[in-house]
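Given next are the chains, with one letter for each unit.
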Amino acid sequence: GRFTLWGPEAEGGWTSREEQLLLDAIEQFGFGNWEDMAAHVGASRTPQEVMEHYVSMYIHGNLGRACIPDTIPNRVTDHTCPGGGPLSPSLTTPLPPLDISVAEQQQLGYMPLRDDYEIEYDQDAETLISGLSVNYDDEDVEIELKRAHVDMYVRKLRERQRRKNIARDYNLVPAFLGKDKKDKERPAKRKVTKEEKELRLKLRPLYQFMSCKEFDDLFEGMHKEKMLRAKIRELQRYRRNGITKLEESAEYEAARHKREKRKENKSAAGARRGKEDGRDGEFAAIEHLPGFELLSDREKVLCSSLNLSPARYVTVKTIIIKDHLQKRQGIPSKSRLPSYLDKVLKKRILNFLTESGWISREAS
């Protein structure tokens, strides 16, 4: 009941009955199900022996070389456009599942095995095709209408997937869950300025047209341009001050730093003196002029805002109140106001005197 095959694959002493059972098992259980195939062949054969015998005999042996061709003809040519193209299948290919916990999945309504959410973009898109059916008596117009509905549905699916790709590229889900704060705690390459944050916020609508890397490269380029412009202005300032070598710039910067420090100390000392005097440096422009001590606090604020000296204000105030009293007594007033008192200045002072109660409202 035993027979011998040619070649090294004949080793192992397989009987014709076992060979027949092996061929029946591969047809019944399929390639790879070695446990069931070994049970079908007999208890004397282990799954490892069955696998090695079949692979060496029927695949890599003489029988396999005679039956399995090296090149398989009539392969179907793939005519689809490359990945990322306008009609590419990759536009609707699901992305790898998000790496989030079960609680976060429930919070988002996210199903990782399907890579979708309970509420998707354009949630009612499926209603376009859910009721469609192809009937044998459909007219051409009806068939074209159904095709148009299918095309609309496919476009909505692509838009839905495009939005998911953008959210994945810009890490919007971790940002929503607060995981991006941990990444922000790590030291960044450079500190992002307030102006750049505001510009990123203004350019946010462009995120859908550019990848995250392109946006980062754009802002890196803008930062580099800003630094170069600052360096150019610094070198131009050196040239205006007669500095032609970088070695001389260190001494110049040290001297400039000392000058700025002295200015800051002077301004701080002036502010302290103003606080001690109770003025907080607010009336520094008029506090040393004659007549300043005659003004009330509100009049000091008025003169400071109008850039009017205390002496001139007292003069105008005296003339206006004198004319007002003469009018109340029925005496015609012919006082001439100073030339420096224009209409706007006169109106401001009249309003102030009226609010303060110096003159009545009908007179102003």
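About the cut-offs
- Residues numbered from 1 in each chain as written.
- Predicted model: local features only at pLDDT ≥ 70, side-chain atom pairs only at ≥ 80, totals over all residues.
- Heavy atoms only, no water.
- Helix = DSSP H or I, 4+ residues; strand = E, 2+ residues; numbered from the N terminus.
- Buried < 20%, exposed > 50% of the residue type's maximum accessible area, 1.4 Å probe, protein only.
- Contact = heavy atoms within 4.5 Å.
- Areas by Shrake-Rupley, 256 points an atom, 1.4 Å probe, with all protein chains shown as cover.
- Axes fitted to C-alpha atoms, helices over the stretch in contact; angles between N-to-C directions.
- Left-handed = near helix turned anticlockwise from the far one by under 90°.
- Nonpolar A, V, L, I, M, F, W, Y, C, P; charged D, E, K, R; others polar.
- Expected span 1.5 Å × (residues − 1).
- 1 Å grid on protein atoms, 1.4 Å probe; cavity = no way out; pocket = protein on both sides within 12 Å on 5 of 7 lines; lining within 4 Å.
- Points joined across faces, edges and corners; volume = space filled by probe spheres on them.
- Core = buried A, V, L, I, M, F, W, Y, C linked by side-chain atoms within 4.5 Å.
- Patch = residues over 30% accessible without salt bridge, like charges linked within 9 Å, V, L, I, M, F, W, Y side chains within 5 Å.
- Salt bridge = Lys/Arg side-chain N within 4 Å of Asp/Glu carboxyl O.
- Lys, Arg positive; Asp, Glu negative; His and termini not counted.
- Charge placed at Lys NZ, Arg CZ, Asp CG, Glu CD.
- pLDDT = per-residue confidence, 0-100.

### Focus: the overall build of the protein chain
Turning to step 1, where the next piece is worked out: Along its length, the protein chain carries 14 helices and two strands.
Turning to step 2, where the next piece is worked out: The buried share of the protein chain, reckoned over its 364 residues, is 23%.
Turning to step 3, where the next piece is worked out: In the protein chain, the proportion of contacts linking residues at least 24 apart, taken out of those at least 6 apart, comes to 44%.
Turning to step 4, where the next piece is worked out: Carbon and sulfur atoms provide 54% of the accessible area of the protein chain, an area that totals close to 27600 Å².

### As for the packing of helix α1 (residues 16-29) against helix α2 (residues 34-41)
Turning to step 1, where the next piece is worked out: α2 packs onto α1 with a crossing angle of 145° between their chain directions and a minimal axis gap of 9 Å. Crossing angle aside, the handedness with which α1 passes α2 is right-handed. Contacts between α1 and α2 pair Glu-18, Leu-21, Leu-22, Asp-24, Ala-25, Ile-26, Gln-28 and Phe-29 from the former with Asp-36, Met-37, His-40 and Val-41 from the latter.
Turning to step 2, where the next piece is worked out: Each residue belonging to the contact of α1 with α2 can be placed in one class, and the counts come to seven nonpolar, two polar and three charged.

### Looking at the environment of Arg-163
Turning to step 1, where the next piece is worked out: Checked against the element boundaries, Arg-163 lands in helix α6 (residues 140-169).
Turning to step 2, where the next piece is worked out: Put simply, Arg-163 and Gln-208 are 45 residues apart on the chain and 8.0 Å apart in space, counted from C-alpha to C-alpha.

### Quick look at helix α13 (residues 310-328)
Turning to step 1, where the next piece is worked out: With 19 residues, α13 extends 27 Å between its outermost C-alpha atoms, agreeing within 8% with the 27 Å of an ideal straight helix rising 1.5 Å per residue.
Turning to step 2, where the next piece is worked out: When we look at burial in α13, the residues that qualify are Pro-310, Tyr-313, Val-316, Lys-317, Ile-319, Ile-320, Ile-321, Asp-323, His-324 and Gln-326.
Turning to step 3, where the next piece is worked out: In the core, the buried residues of α13 are packed alongside α12 (297-306) and α14 (343-356).
Turning to step 4, where the next piece is worked out: Once α13 finishes, Gly-330 follows within two positions and takes phi at roughly 85°, a positive value.

### Notes on the layout of surface pockets
Turning to step 1, where the next piece is worked out: Volume-wise, the second largest pocket comes out at about 460 Å³.
Turning to step 2, where the next piece is worked out: Lining the second largest pocket are 21 residues, with Leu-98, Tyr-117, Lys-164, Ala-167 and Val-173 positioned closest to its centre.
Turning to step 3, where the next piece is worked out: Looking at which element gives the most residues to the lining of the second largest pocket, the answer is α6, with five residues.
Turning to step 4, where the next piece is worked out: Taken together, the residues of the lining of the second largest pocket sort by class into twelve nonpolar, one polar and eight charged.

### Some points on the nonpolar core
Turning to step 1, where the next piece is worked out: Tyr-313, Ile-320, Ile-349 and Leu-353 are the most contacted members of the largest nonpolar core, which totals 19 residues.
Turning to step 2, where the next piece is worked out: The leading source of residues in this core is α14, at five residues.
Turning to step 3, where the next piece is worked out: Setting aside anything within four residues of it in sequence, one finds Tyr-313 in contact with Leu-295, Glu-299, Leu-302, Cys-303, Leu-308, Ile-349, Phe-352 and Leu-353.
Turning to step 4, where the next piece is worked out: In this structure, Ile-26, Met-37, Val-41 and Tyr-58 belong to the second largest nonpolar core, which totals 13 residues.

### Remarks on a negative patch on the surface
Turning to step 1, where the next piece is worked out: On the surface, Asp-137, Glu-139, Asp-140 and Glu-142 cluster together to form a negatively charged patch.
Turning to step 2, where the next piece is worked out: Structurally, the position occupied by Asp-140 is in helix α6.

### Overview of the pattern of salt bridges
Turning to step 1, where the next piece is worked out: Inspection of the entire model under this criterion finds 20 salt bridges.
Turning to step 2, where the next piece is worked out: Measuring nitrogen to oxygen at the nearest pair gives 3.1 Å for the salt bridge that ties Glu-18 to Arg-45. Note that Glu-18 is positioned in helix α1 and Arg-45 in the loop between α2 and α3 (47-59), a separation of 27 residues in sequence. Side by side, Glu-18 and Arg-45 carry an identical accessibility label, which is buried.

### Some thoughts on unusual backbone geometry
Turning to step 1, where the next piece is worked out: If you check the backbone angles, Asp-115 has positive phi at about 55° while not being a glycine.
Turning to step 2, where the next piece is worked out: Tracing the sequence through the fold places Asp-115 in the loop between β1 (110-111) and β2 (116-117).
Turning to step 3, where the next piece is worked out: Classification of Asp-115 by relative accessible area gives buried; the value is 5%.
Turning to step 4, where the next piece is worked out: Phi at Asp-122 takes a positive value of approximately 55°, unusual for a residue other than glycine.
Turning to step 5, where the next piece is worked out: Examined against the element boundaries, Asp-122 turns out to sit in the loop between β2 and α6.

### Thoughts on the environment of His-223
Turning to step 1, where the next piece is worked out: By the secondary structure assignment, His-223 is in helix α10 (residues 212-240).
Turning to step 2, where the next piece is worked out: Along the sequence, His-223 and Glu-196 sit 27 residues apart, while their C-alpha atoms lie 8.7 Å from each other.

### A short note on the confidence of the model for the protein chain
Parts of the prediction with low pLDDT should not have their coordinates interpreted in detail.
Turning to step 1, where the next piece is worked out: Overall, the prediction assigns the protein chain a mean pLDDT of 80, with 82% of residues at 70 or greater.
Turning to step 2, where the next piece is worked out: Below pLDDT 50 for its whole length, residues 1-11 participates in 18 contacts with residues either more than four positions away or in separate chains.

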